[in-house]
Amino acid sequence: SQKIEQNSEALNIQEGKTATLTCNYTNYSPAYLQWYRQDPGRGPVFLLLIRENEKEKRKERLKVTFDTTLKQSLFHITASQPADSATYLCALDDNYGQNFVFGPGTRLSVLP
Amino acid sequence: DVKVTQSSRYLVKRTGEKVFLECVQDMDHENMFWYRQDPGLGLRLIYFSYDVKMKEKGDIPEGYSVSREKKERFSLILESASTNQTSMYLCASLGGGPGQPQHFGDGTRLSIL
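On to the overall build of chain B. Looking only at helices and strands, chain B features zero helices and eleven strands. Taken from N to C terminus, the helices and strands of chain B fall in the order β-β-β-β-β-β-β-β-β-β-β. The C-alpha atoms of chain B give a radius of gyration of 13 Å, which matches the 13 Å a tight globule of 113 residues would have. Across its three principal directions, the C-alpha atoms of chain B cover 40 × 30 × 25 Å. Scored against the burial criterion, the 113 residues of chain B give a buried share of 49%. Put simply, 54% of the contacts in chain B that link residues at least 6 apart link residues at least 24 apart. Total accessible area on chain B is roughly 5,500 Å²; 47% of this is exposed by carbon and sulfur atoms. A distance of 6 Å separates the average location of the 15 positive side-chain charges in chain B from that of its 15 negative side-chain charges.

Below you can see the structure in the form of structure tokens.
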């Protein structure tokens, strides 16, 4: 069956450092990989999408890489801030969203 | 901006009750989804709908049903609520072709006593 793992349930880092979150998957051939942010008591909010033929995508302090050989995506937040503290979810989409699969999430805490 | 609105943020019901959770989106999206989210289990798909009156079972449909009579509205029904259905329920919509993100509501935290 399809499976997505995110590197750890929780990650603590110091303000100003780069946070790196990992998403690994098996038994899936995604056309797209997406990252979402979820704050407590709120629904997930879309951050970035990367296509299967793209290696890297950037948006401001965020960077996503996608390695379809390793079946892995890395999500980086550079110059992290306490306001970046949240749960981050990766999601795989085969094409039209009818086989959307979410990872369990990593709770990031950025300490001042 | 897409807006997905869930009818209640918090809901408390008793076992055996029939429970309705409502979701409305304002972007004319074809696809709508119901998930439940539990600690350590992540988001699990209950049902989705790709058009009016169409529905598909997700990973955990047992004990739930859905209704989509109008494009903008997708309802989740707990036919006879049980305590193991206590959870956070999230609705999402998706439109605009391949590779688009899902847009989520803020969730309904449902407690079954």
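Back to the write-up after that little detour.
Another aspect to go through is the sheet that holds strand E6 (residues 56-59) of chain A. Residue and element names in this part refer to chain A. Spatial strand order, E1-E3-E8-E7-E6: five strands in an open sheet with antiparallel pairing. Whereas interior strands pair on both sides, the edge strands pair on one side only; in this sheet they are strand E1 (3-6) and E6. Along the sheet, successive strands turn relative to each other by an average axial angle of 15°, direction set aside. Relative to strand E8 (residues 72-77), strand E7 (residues 62-67) is paired through six bridges, and the arrangement is antiparallel. Within E8, the position partnered with phenylalanine 66 by the bridge is serine 73.

So, about the interface of chain B and chain A. Counting residues at the interface gives 20 residues for chain B, matched by 19 residues for chain A. Both sides together, the interface formed by chain B and chain A hides about 1,600 Å², and carbon and sulfur atoms give 56% of it. By the criterion of area lost to chain A, the three top residues of chain B are B:Leu43, B:Pro98 and B:Gly99, representing 26% of everything that side buries. On the surface where chain B and chain A come into contact, there are one salt bridge. We note a salt bridge from A:Arg42 to B:Asp106, for which the minimum N-O separation is 3.0 Å.

Quick look at the packing of aromatic side chains now. Tallied over the full model, the rule gives 13 aromatic pairs over all chains. Between A:Phe75 and A:Tyr88, the ring centres sit 5.4 Å apart and the planes meet at 35°, which makes this aromatic pair tilted. One end of the pair, A:Phe75, is in strand E8; the other, A:Tyr88, is in strand E9 (residues 86-93), with 13 residues separating them in the sequence. Judged by its relative accessible area of 2%, A:Tyr88 falls in the buried class. On the basis of an interplanar angle of 75° and a centroid distance of 5.7 Å, the ring pair of A:Phe102 and B:Phe104 is categorised as edge-to-face. On the criterion of chain membership, the pair formed by A:Phe102 in strand E10 (residues 101-102) and B:Phe104 in strand E10 (residues 103-104) is interchain, its members lying in two chains.

Residue and element names in this part refer to chain A. Secondary-structure assignment places aspartate 84 in the loop between E8 and E9. One polar contact links aspartate 84 to arginine 61, side chain to side chain, over a distance of 2.9 Å. Setting aside its immediate chain neighbours within four residues, aspartate 84 contacts Arg37, Arg61, Ile77, Leu108 and Val110.

With that out of the way, let us pick up the nonpolar core. Core analysis: the biggest nonpolar cluster contains 24 residues, and A:Leu33, A:Trp35, A:Phe75 and A:Tyr88 have the highest contact counts within it. For this core, the elements supplying multiple residues, two or more each, are strand E3 (19-26), strand E4 (32-38), strand E5 (45-51), E7, E8, E9 and strand E11 (106-111) of chain A.

The next thing to look at is the state of the cysteines. Residues and elements named next belong to chain A. Taken as a whole, this structure holds two disulfides over all chains when the rule is applied. Between the sulfur atoms of cysteine 23 and its disulfide mate cysteine 90 the distance is 2.0 Å. Its torsion about the S-S bond being 70°, the disulfide of cysteine 23 and cysteine 90 is classed as right-handed. Separated by 67 residues along the polypeptide, cysteine 23 in strand E3 and cysteine 90 in strand E9 bring together distant segments of the chain.

What counts and how
- Residues numbered from 1 in each chain as written.
- Chains lettered and ligands numbered in written order.
- Predicted model: local features only at pLDDT ≥ 70, side-chain atom pairs only at ≥ 80, totals over all residues.
- Heavy atoms only, no water.
- Helix = DSSP H or I, 4+ residues; strand = E, 2+ residues; numbered from the N terminus.
- Rg over C-alpha atoms; globule rule 2.2 N^0.38 Å.
- Buried < 20%, exposed > 50% of the residue type's maximum accessible area, 1.4 Å probe, protein only.
- Contact = heavy atoms within 4.5 Å.
- Areas by Shrake-Rupley, 256 points an atom, 1.4 Å probe, with all protein chains shown as cover.
- Lys, Arg positive; Asp, Glu negative; His and termini not counted.
- Charge placed at Lys NZ, Arg CZ, Asp CG, Glu CD.
- Pairing = 2+ DSSP bridges.
- Axes fitted to C-alpha atoms, helices over the stretch in contact; angles between N-to-C directions.
- Buried area = accessible area lost by both parts, 1.4 Å probe.
- Salt bridge = Lys/Arg side-chain N within 4 Å of Asp/Glu carboxyl O.
- Phe/Tyr/Trp six-rings, centres within 6.5 Å; stacked < 30°, edge-to-face > 60°.
- Polar contact = N/O pair within 3.5 Å; in protein donor to acceptor, adjacent residues only side chain to side chain.
- Core = buried A, V, L, I, M, F, W, Y, C linked by side-chain atoms within 4.5 Å.
- Disulfide = S-S within 2.5 Å.

Purely geometric numbers; function is a separate question.
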